[in-house]
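This is what each chain is made of:
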Amino acid sequence: MSEGPGEPMRRDAVEIILGFARTLRHAGVAATADRVQAMIAAVGHLDVLDPADVYWAGRLTLCGDASDLERYDAAFAAYFGNDRQPGVTPAPPPVRLRAITLDIDENAEVPDAESEHDAVTVQASRIDALRQRDVSGLDDEERDELRRLFTLLAPRPGGRRTRRFEPAHRGPIDLERTVRRMLAQGGEPSTLARHRRRVRPRRLVMLIDVSGSMEPYADTLLRFAHAAVRVAPARTEVFTLGTRLTRITRELR
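What counts, and where the lines are drawn
- Residues numbered from 1 in each chain as written.
- Predicted model: local features only at pLDDT ≥ 70, side-chain atom pairs only at ≥ 80, totals over all residues.
- Heavy atoms only, no water.
- Helix = DSSP H or I, 4+ residues; strand = E, 2+ residues; numbered from the N terminus.
- Buried < 20%, exposed > 50% of the residue type's maximum accessible area, 1.4 Å probe, protein only.
- Contact = heavy atoms within 4.5 Å.
- Areas by Shrake-Rupley, 256 points an atom, 1.4 Å probe, with all protein chains shown as cover.
- Phe/Tyr/Trp six-rings, centres within 6.5 Å; stacked < 30°, edge-to-face > 60°.
- Patch = residues over 30% accessible without salt bridge, like charges linked within 9 Å, V, L, I, M, F, W, Y side chains within 5 Å.
- Salt bridge = Lys/Arg side-chain N within 4 Å of Asp/Glu carboxyl O.
- Lys, Arg positive; Asp, Glu negative; His and termini not counted.
- Charge placed at Lys NZ, Arg CZ, Asp CG, Glu CD.
- Pairing = 2+ DSSP bridges.
- Axes fitted to C-alpha atoms, helices over the stretch in contact; angles between N-to-C directions.
- Core = buried A, V, L, I, M, F, W, Y, C linked by side-chain atoms within 4.5 Å.

A. A look at the overall build of the protein chain. Of regular secondary structure, the protein chain possesses nine helices and seven strands. The buried share of the protein chain, reckoned over its 253 residues, is 24%. By sequence separation, contacts in the protein chain at least 24 residues apart represent 50% of the contacts at least 6 residues apart. When the accessible surface of the protein chain is summed, it comes to about 18600 Å², and 53% of that surface belongs to carbon and sulfur atoms.

Structural data, given as structure tokens:
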């Protein structure tokens, strides 16, 4: 059986790729058999005489991670005799960024964008600091910000599984409903009925100490209680605890 005119060229290309794979292994790149087969298949769909096509076909199939790229470039240049890889443009020099911390004041001046180095403007926010601050030591401005945050607060206590069941598409088999369906159909088997535990919202009861020692915290705690009542008025109860226990749920509503 005679070979076609393109067969010797294809064999030569495969031998060249196999030799390049051996060079990569000596360079430390794990050019496994499956990766070499992938490169051969990729080159079969490209122009084997174009160095750029061969370069990218090998780079995309033979390299396993970023650490292989430098070894691959060196091996490609040594094996194919190119000082510079085809189709590869040199990487631009890294941009040196200079971080400038500015105050949260809106009137703060921003440095000129055409300075010697590119600058990244960083503005610090006091909101994150409020999460770690003792409310008794806040100033008037911080207290105003804290009150604003409380208006956005929507605390939800979650739900709890009760002892009662409700119909569901998934879950344990409901024997009683299944038997009733069969009796209604003259004893013929029907679709299995299933059920699950019913989930009810949890009730929230808050006891707020408003005695003299807790006076710096009373306002903050009452605002938190007001946010909870606003979200779930029917499931939230609030009491103040001082010399006596006082229910204030109705007033917060």
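Structure's up, so let's keep going.
B. Geometry of the packing of aromatic side chains. Counting across every chain of the model gives ten aromatic pairs. Look at phenylalanine 20 and phenylalanine 76: their rings are 5.8 Å apart centre to centre, the planes differ by 85°, and that puts the pair in the edge-to-face class. With phenylalanine 20 in helix α1 (residues 7-27) and phenylalanine 76 in helix α4 (residues 67-80), this residue pair connects regions lying 56 residues apart in the sequence. Considered together, phenylalanine 20 and phenylalanine 76 belong to a single accessibility category, that of buried residues. Arranged with centres 5.0 Å apart and planes meeting at 80°, the rings of tyrosine 79 and phenylalanine 80 form a pair that is edge-to-face. Owing to a relative accessible area of 33%, tyrosine 79 belongs among the partly exposed residues under this scheme. Each residue in the set Phe20, Tyr55, Trp56, Tyr72, Phe76, Tyr79 and Phe80 is aromatic and connected to the rest through ring pairs, giving one cluster.

C. Examining the environment of proline 167 more closely. Its place among the elements puts proline 167 in strand β3 (residues 159-173). Residues proline 167 and arginine 177 lie ten residues apart in sequence; the distance between their C-alpha atoms is 9.4 Å. Apart from the residues lying within four places of it in its own chain, the contact partners of proline 167 are Arg177, Arg194 and His195.

D. Seen up close, a positive patch on the surface. On the surface, Arg156, Arg160, Arg164, Arg200, Arg202, Arg203, Arg235, Arg250 and Arg253 cluster together to form a positively charged patch. Looking at where arginine 202 falls in the secondary structure, it is placed in the loop between β4 (194-201) and β5 (204-209). Among the residues examined, arginine 202 registers a relative accessible area of 39% and is labelled partly exposed.

E. The sheet that holds strand β7 (residues 245-247), seen in detail. Pairing in this open sheet of three strands is mixed, and the strands run β5-β6-β7 from one edge to the other. Bordering the open sheet on either side are β5 and β7, each of which pairs with just one other strand. The average undirected angle you get between the axes of adjacent strands in this sheet is 25°. Sheet topology places strand β6 (residues 236-241) next to β7; three bridges connect them, and they run antiparallel. Paired with leucine 241 across the strands is leucine 245, a residue of β7. Sitting on the sheet, helix α8 (residues 215-231) is in contact with β5 and β6, with an inclination near 165° to β5.

F. View of the nonpolar core. Phe20, Leu24, Met39, Leu62 and Tyr72 are the most contacted members of the largest nonpolar core, which has 18 residues in total. Taken together, the elements giving at least two residues each to this core come down to α1, α2 (33-44), α3 (51-62) and α4. One finds Met206, Ala225, Val229 and Val238 within the second-largest nonpolar core, a separate group that totals eight residues.

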